[in-house]
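So the chains spell out like this:
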There are 2 protein chains.
Amino acid sequence: MRAGVSVGTVSNVLNRPELVAEPTRERVYAAIAELGFVRNDSARQLRVGRSRTLGLVVLDVANPFFTDVARGVEDTANQHGLAVILCNTDEDPRKEASHLDLLAEMRVQGVLINPIDTDGRIAGLRDRGIPVVLFDRLGDPAVECSVAVDDVLGGRLAATHLIEAGHRSILFVGGPLTLRQVQERYEGASAVVSARDDVELTVLTTTALNVAAGRAAGDRLAAGGRDALPSAVFCANDLVALGVLQALTHAGLRVPADVAIVGYDDIDFAAAAAVPLSSVRQPRQQLGRTAAELLLAETMADEHEHRQVVFDPELIVRDSSSR
Amino acid sequence: MRAGVSVGTVSNVLNRPELVAEPTRERVYAAIAELGFVRNDSARQLRVGRSRTLGLVVLDVANPFFTDVARGVEDTANQHGLAVILCNTDEDPRKEASHLDLLAEMRVQGVLINPIDTDGRIAGLRDRGIPVVLFDRLGDPAVECSVAVDDVLGGRLAATHLIEAGHRSILFVGGPLTLRQVQERYEGASAVVSARDDVELTVLTTTALNVAAGRAAGDRLAAGGRDALPSAVFCANDLVALGVLQALTHAGLRVPADVAIVGYDDIDFAAAAAVPLSSVRQPRQQLGRTAAELLLAETMADEHEHRQVVFDPELIVRDSSSR
DNA sequence: GGCCGTCTTTGAACCGATTCAGCTCATCCG
DNA sequence: CGGATGAGCTGAATCGGTTCAAAGACGGCC
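It should be emphasised that the depicted structure is a prediction, and the values quoted were computed from it without experimental measurement. (Residues numbered from 1 in each chain as written. Chains lettered and ligands numbered in written order. Predicted model: local features only at pLDDT ≥ 70, side-chain atom pairs only at ≥ 80, totals over all residues. Heavy atoms only, no water.)

Asks: Which residues make up the interface of chain B and chain A, and what values do they have?
Replies: Opposite the 43 residues of chain B that make contact, chain A presents 43 residues. Summed over both sides, the interface of chain B with chain A buries roughly 3900 Å², with 55% coming from carbon and sulfur. Summed over the three residues of chain B that lose the most area to chain A, namely B:Arg71, B:Glu105 and B:Phe269, the buried surface amounts to 16% of that side. Taken together, the links from chain B to chain A amount to 8 salt bridges. A salt bridge links B:Glu105 to A:Arg52, with the shortest nitrogen-to-oxygen separation between them at 3.4 Å. (Contact = heavy atoms within 4.5 Å. Buried area = accessible area lost by both parts, 1.4 Å probe. Salt bridge = Lys/Arg side-chain N within 4 Å of Asp/Glu carboxyl O.)

Asks: Give a detailed account of the sheet that holds strand β9 (residues 260-265) of chain B, specifying residues and quantitative values.
Replies: Residue and element names in this part refer to chain B. Spatially, 6 strands are ordered β7-β6-β8-β9-β10-β12 in an open sheet, and the strand pairing comes out mixed. Each of the sheet's edge strands pairs with one partner strand only, and the pair in question is β7 (200-205) and β12 (314-316). Within this sheet the neighbouring strands show an average axis-to-axis angle of 20 degrees, counted without direction. For β9 and strand β10 (residues 278-281), the ladder comprises 4 bridges, and the chain directions are parallel. The partner of Gly263 across the bridge, within β10, is Ser279. Helix α7 (residues 151-164) contacts β6 (169-174), β8 (232-235), β9, β10 and β12 of the sheet and is inclined by roughly 160 degrees relative to β9. Contacts between helix α10 (residues 238-250) and the sheet are confined to β6, β8, β9 and β10, with β9 contributing the most and set at about 155 degrees to the helix. (Pairing = 2+ DSSP bridges. Helix = DSSP H or I, 4+ residues; strand = E, 2+ residues; numbered from the N terminus. Axes fitted to C-alpha atoms, helices over the stretch in contact; angles between N-to-C directions.)

Asks: Would you mind going over the environment of A:Asp119 in detail, with residue names and values included?
Replies: Relative to the helices and strands, A:Asp119 resides in the loop between β3 (110-113) and α6 (120-127). Along the chain, A:Asp119 and A:Gly243 lie 124 residues apart, while their C-alpha atoms are 32 Å from each other.

Everything listed here is a matter of geometry and, on its own, says nothing about what the molecule does.
Here you go:
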């Protein structure tokens, strides 16, 4: 080698510099700088058995909820010298599967996932020694760690608030209902409503949880005419809520006078909306950080006790649901 | 091996199945399924010399502008069987450097970057045979491909529109001014303004381009009192604009009556804002797709002609700047 | 039967960093 | 002075695919 030193020594300089004598170390650093040497991570991984990356699989990168979670994950990961590979599933089980396959081939240290399809693939990763932590959804504490926010409670908070504000016909907008988040938020609202005789809860399902889907739902609502309108709408997330708000406003309806709206997630844009949006807030970054920490704990320790962490959501009331 | 077959054959089944006889192929697939075999990507990479990933380095994942670009990049990359590693720099040159180092170690196929700091590191990647494509910023066509939107034109569009709407004192809000995008958008506006004697353009710099920074700027504006207010504000991006809008509204000022606002990027949330935001729209996904295509073209071809692609932005006028 | 060409399959070299047993040499101690 | 000690360094084995020259199998043809 350039520094008159063996490859073994170079490796030591890079990984355990304290083992190498000062002058040698200096020479090696100098040679590295001079030659522009960059360690080949594949070779290192091959030998060590696993990579220095961690996979994060989310439903939709364009949703600020997930980018905030990703922030949290990234913070924690970077602190430990790990890179994060962000994968987008678009709520498509096939995309999810193909991303998981890729992550398995990469021998990532672990995977954080908000799963759509809990098919065998996740178990497969785990069999292969790759820990998987579920986030924004609880799993089986016997086999996995998970971090979630209590969505049923979130649904209750929203519904309770609307009922207290005097609304008697509430429409839940969101979908697909196969998404656990959507289902549980609905469940929470439903539980509150069924405890009373005088309140009605209906559902309008959407095909996705984005602004366009919300806009479509809002258009349908508006097209039904003023009489068919519910007095309040509870949306499965803020993107949908913003879409509904846009469509209703566009159709000349007033929020909250004609229809009140409550969203979910309390993304930054909720407060900046046409009518500041009431929303159920989740501790997003903390969700990400906690998930990453659980994952790291699992990779480090020999003995590991799986944990379930549940955060409580909080209702933020703004103009869209109060007069 | 389980299928009574050599490793070489397995490799052929995986990579060039047409070379292997039907029955053998079947046996190998069966064995793979039975054993739950997953190819070790590091070993493959080590041999082949490069990975099947591509790095995307952005200023801020939480900015919908970048997630839309990322979408475009991902689409194209996935079509070619590549994974995308999304890196966040938070406008911090140190983070940028460390991400680039990591990507170099990973021997990514290429890097798409919206650079802050064009220090030696990018050239270093290129020397090592890793193509780099700049996006949202033009580079030197002799050494690199780049894709951008004409930010100077965007600035002109915004300023021209405001002047035509009768505004004579315009405030530009954005920063840091070291960001090329910020600078050029300002330049465009400045060029239009200096062509006239009766219009005044001032600048309020922010430390970042997010909602919080915008809110802070808006608070400062509002604190100055009604008399000190400019008649219009042109923001370096929509996040800042939304922040300003929020702060002004909160302070009891009316938009656009007291102050008009024009943003930049036309993110989905701009239309859904408290006062629907006028904004300069950029073809975001297309920017991402084009950048990825240029990168792929460079990796494939032996001979490669570097290209510069410039898209034109488009002004979308909404309520925030028209009465 | 022998030779040739085609289609399959094999097996060993190789990629580059890590790891570790073992070597060297200076120092210290009895 | 001999031997023990340990710091510092070396060099070869190793990880698991990919690649390719070469071997093998088989059929056709003279």
